[in-house]
Amino acid sequence: PIIPAFGNMKVADVTRLDVTALMKRKEKSPIQANRVLGCIRKMFNLAELWGYRPDGSNPCRHVPKYPEKGKTRLITDAQMALLFAYLEKADVEGLEHPTLTLAIRLQFEFAARMSEILLLEWDWIDLPNKRVVWPGSKTGDMSKPMSEEAHRLLSGAARYENSLYVCPSIFNHKKPLTANSYYQAWRRVLIDPAPVNLHQAA
């Protein structure tokens, strides 16, 4: 939507009114509109840095974002039991690659972001002291203790030759597990036939 809106304009000619008009056209897709606004803001910050616009002239200044409505759904004990029952079944019957079930289990054990699990490196793990340090997180180095279960999982996890990662890509162990592979595993976990609809906990 940015190129059709501003593609024929000079960088210096784009105004706040132009940005606001674009946001108005995207009001039925507020999340996408906010992402577009963030991209435009970055573009004009760079334009100022490179001398194409005066400092402080970013036309995105004072253009508000749309509110993004979402629901926080807490997983119930019953749903947790079903989820872990499926993971056990998947491990025993080979329904999922062990790297995928390990990643899901570790995310629960560390209450971690997806990226923190997918990028987790063996060098960050201190098994004797039962701690993991994620370097360079948003708040600096982040250290977390291991639960007994996390320690058991990591102690027994497969170590792939030449791989830095605890959860490497299934097809290329030199790379981390991809977000798409992880999402697809979660989709399969959540649609496993069960009396409780696990989609409610997604």
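Note that this is a predicted model, so its numbers are computed, not measured.

(A) Representation of the side chain of glutamate 96 within the structure. Inspection of the secondary structure puts glutamate 96 in the loop between α4 (77-93) and α5 (98-110). A polar atom in the side chain of glutamate 96 sits 3.0 Å from the side chain of tyrosine 86. At 2.8 Å, the side chain of glutamate 96 forms a polar contact with the side chain of arginine 188. Residues contacting glutamate 96, with those up to four places away along its chain left out, are Tyr86, Ala90, Thr101, Ala185 and Arg188.

(B) Local environment of helix α3 (residues 30-49). With 20 residues, α3 extends 29 Å between its outermost C-alpha atoms, agreeing within 8% with the 28 Å of an ideal straight helix rising 1.5 Å per residue. Regarding α3, the residues found buried are Ala33, Asn34, Val36, Leu37, Ile40, Phe44, Ala47 and Glu48. Seen along its axis, α3 keeps its buried residues to an arc of 160 degrees; they face one direction. Turned more than 90 degrees away from the buried face of α3, the exposed residues are Lys42 and Leu49. Buried residues along α3 sit in contact with α1 (2-6) and α2 (16-25). In the segment just after α3, glycine 51 is the residue with positive phi, at about 90 degrees.

(C) Inspection of the environment of alanine 185 at higher detail. Looking at where alanine 185 falls in the secondary structure, it is placed in helix α8 (residues 179-191). For alanine 185 and histidine 97, which are 88 residues apart along the polypeptide, the C-alpha to C-alpha distance reads 9.1 Å. Discounting chain neighbours no more than four positions away, the residues touching alanine 185 are Glu96, Leu100 and Ile104.

(D) Looking closely at the environment of glutamate 68. Looking at the element boundaries, glutamate 68 is found in the loop between α3 and α4. The exposure class of glutamate 68 is partly exposed, given its relative accessible area of 39%. Expressed as a C-alpha distance, the spacing of glutamate 68 and serine 29, which sit 39 residues apart in the sequence, is 9.8 Å. When sequence neighbours within four positions are dropped, the list of residues in contact with glutamate 68 reads Ile31, Asn34 and Arg35.

Parameters at a glance
- Residues numbered from 1 in each chain as written.
- Predicted model: local features only at pLDDT ≥ 70, side-chain atom pairs only at ≥ 80, totals over all residues.
- Heavy atoms only, no water.
- Helix = DSSP H or I, 4+ residues; strand = E, 2+ residues; numbered from the N terminus.
- Polar contact = N/O pair within 3.5 Å; in protein donor to acceptor, adjacent residues only side chain to side chain.
- Contact = heavy atoms within 4.5 Å.
- Expected span 1.5 Å × (residues − 1).
- Buried < 20%, exposed > 50% of the residue type's maximum accessible area, 1.4 Å probe, protein only.
- Arc of directions from axis to C-beta.

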